[in-house]
Structure formats: C-alpha cells, structure tokens
Amino acid sequence: MKRLSFFVLFTLSILILRAQEQKITITGKPIVTLFANYHTGLGHANSNSGFELDRAYLGYQFKLTENFGGKVIFDIGETKLKGADLERVAYVKNAMLSWTPGNLTLDFGLVKTEQFSLQESFWGYRYILKSFDDDYKFGPSADMGIIGKYRFNDYISADLSFTNGEGYKKINKDNNYRYGAGVTLTPVTDLTFRIYGDIYTGNSDSTENQSNLSLFAGYRHKLFRIGAEYNKLWNATFTEGNNKDGYSVYTSVNAGKKFTVFGRYDYLHSQEEQFRETDGQRILAGVQYTPIRFLKLSPNFRNWNPQNGKAESFIYLNLEFKL
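To keep things clear, this report deals only with the structure shown in the data block. (Residues numbered from 1 in each chain as written. Predicted model: local features only at pLDDT ≥ 70, side-chain atom pairs only at ≥ 80, totals over all residues. Heavy atoms only, no water.)

What follows is about the packing of aromatic side chains. Applying the stated criterion to the full structure yields 21 aromatic pairs. A centroid spacing of 5.1 Å and a plane angle of 65° characterise the contact between tryptophan 123 and tyrosine 125, whose relative ring orientation is edge-to-face. Residue class for tryptophan 123 comes out buried when judged on its relative accessible area of 2%. Using a relative accessible area of 2% as the deciding quantity, one classes tyrosine 125 as buried. Geometrically, the ring pair formed by tyrosine 219 and phenylalanine 224 is tilted, given 6.1 Å between the ring centres and 50° between the ring planes. Given the relative accessible area of 33%, phenylalanine 224 is considered partly exposed. (Phe/Tyr/Trp six-rings, centres within 6.5 Å; stacked < 30°, edge-to-face > 60°. Buried < 20%, exposed > 50% of the residue type's maximum accessible area, 1.4 Å probe, protein only.)

Structure (structure tokens):
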C-alpha cells in the first residue's frame, strides 16, 4: 500500500513539473455559496421552528495553465455537538489540484468524490436536501486522495478513485483506504445511466470491509427531468451484518422562466432490525423561484416517516445565494 501511495505521489509530481514548464498566467474567480432556511414543524413537531444558516462555502478557483489548476473551498456549518458553545465550525472542504490533458482529468488532494456527484447534479436542489448517499451517510462528498476520470467519447466515461475513505472532516490516522470505480453511459442525448462501486478496507483481520453499490438512471427534457437511483451498503461502519439499501426517485417540471415544481421520495431500509433506528421514508415537494441568476428561493413541504417512531412534517422556506 505504501508503495502504491508513493507511486501516485511520484506520478503527480512529474505532472506538476511538466505543467510548470508551460507559460503560467494565473486566472481565477471567487467561490461564494450560502444555504439558509426558515422552517416550522406541523402537529406534534410544531415546537421545532426557526431560522438556520445551513452552509457557507467560501473559496477560490484558479488556473495556472490551459490544463492545470485547482481550487480551495472552506465549508462553514453547524458543529452538531450537544451542549457546545461553538455554534459554527469551518472545514476545508476542497483543497485540490487538477490536470486535464485532453479527455483525461486527474484530481489530487482533498477532492470532490464521484460516488454521488452525478446524482446530486441531476437532483439539482442540494440547498434544500442532500442527495441519497450523502444524506444517509453511504459515503463522503469529499475526501483526501486521487481521482482519475476519462471520457472515451460522447457515450461513455469512467472514473477511478483511491482515497482515505474518512471524508473531509477527519484526519487519516489508520491504514484504511477506499477504492472506487464508476462508469457513466449516455446512449442517447439527455438519457444517462451510471454504475458505481467501492470497497472500504478495514484495518485488521477481524474487521469487515465495507462496500457500496450505486445505480442511477436519469432523463432530461427541456420541460422536465426525472431520475431514480438504487443504493446498497454492506457492513456499514465495518460492522458485519449492518447492510442497508434504499432508493430515491425525483423529478422537476419547468413552470415558466423563473419557476420549477419538484418532488422526491426516499426509502431507506436495514437488513437487521437492530440497525433500523435511522430507517424510514421521506416525501418532499415544493416550488423553486429564481428571481435573479444568483438567488433561488423555495417554499417546500417535507415528511419523514421513520421505521420506528412517529412521522414528522415540516414547512420550509429555503434560500441559496451563489456567485
């Protein structure tokens, strides 16, 4: 494993040196994205209401040559630590270099992962709700490592990843690694299929490897889009028998130049009863209004019906500001 890591770093160093031989003209742009909401519960959840700043992404994206650049993004969000005086905490979400010779792209550093990148883009309402794999912790949205992507032609592309596996909020202190591979097919215009799988290795003979499978299909039309995904996770958190699966179906319909109507249904299920505490079904429906290019507003309704417990319903008003 150490030899493989050394080879990856050595190869990347050669690529950087080659890029330095080219004429360097630094260009770039700032990255500013804000997610906020007001929400109120309905029924027995009506005591849960208030304003929230969900996320603030601040960063900079740059290019040094025609095919060599990078970006750094800070993620400012809630601490989620009970009883903590600290209300906000900042993480480095991305700190990466990218080399793009022709149809090949190599990303190195704290990179955006490819596990659900396409699904998140197709869903299109990240400021309202994360995509399935992200929301139910099937994998991290960013991680430290290297990802290679190659576009063979207009119909097929593939990606390989070699990462720590722990995400961007933790420092790697073990010998665990995540190996992933995906293939994306576009047989006809606006119709997309994707399959992705990975193995996250345990750090001892007594620890089960965690593995993941994601299937996606989506269709875009100028008036609407619809997508569906199925996800399977074996031995979650390296625990034997902690197998989960589920699916997500979502759609949106254009209702004029500035309005879209959208809906989504999620279902999450664990194989063993002792792991079903977070299982359930989610229904989400709403309207998005885009008064200007940088601003999105969405009143929406969402219902969470857990496997064990009472269903909860909320009314949200979500906002995204993005430069």
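Working definition: two side chains of opposite charge can pair if their charged atoms are close together. As enumerated under the stated definition, the model contains 10 salt bridges in all. A salt bridge links aspartate 135 to arginine 282, with the shortest nitrogen-to-oxygen separation between them at 2.8 Å. A residue pair is termed long-range when its members are at least 10 positions apart, and aspartate 135 in helix H3 (residues 132–135) and arginine 282 in strand S14 (residues 280–292) qualify at 147 residues. Looking at arginine 282, the relative accessible area reads 16%, which means it is buried. Residue aspartate 266 is joined to arginine 282 by a salt bridge in which the shortest nitrogen-to-oxygen separation is 4.0 Å. With a gap of 16 residues between them, aspartate 266 in strand S13 (residues 259–270) and arginine 282 in strand S14 connect regions that are remote in the sequence. With respect to class, aspartate 266 is no different from arginine 282; both count as buried. Here the salt bridges do not stand alone but share partners, grouping Asp135, Arg264, Asp266 and Arg282 into one network. (Salt bridge = Lys/Arg side-chain N within 4 Å of Asp/Glu carboxyl O. Helix = DSSP H or I, 4+ residues; strand = E, 2+ residues; numbered from the N terminus.)

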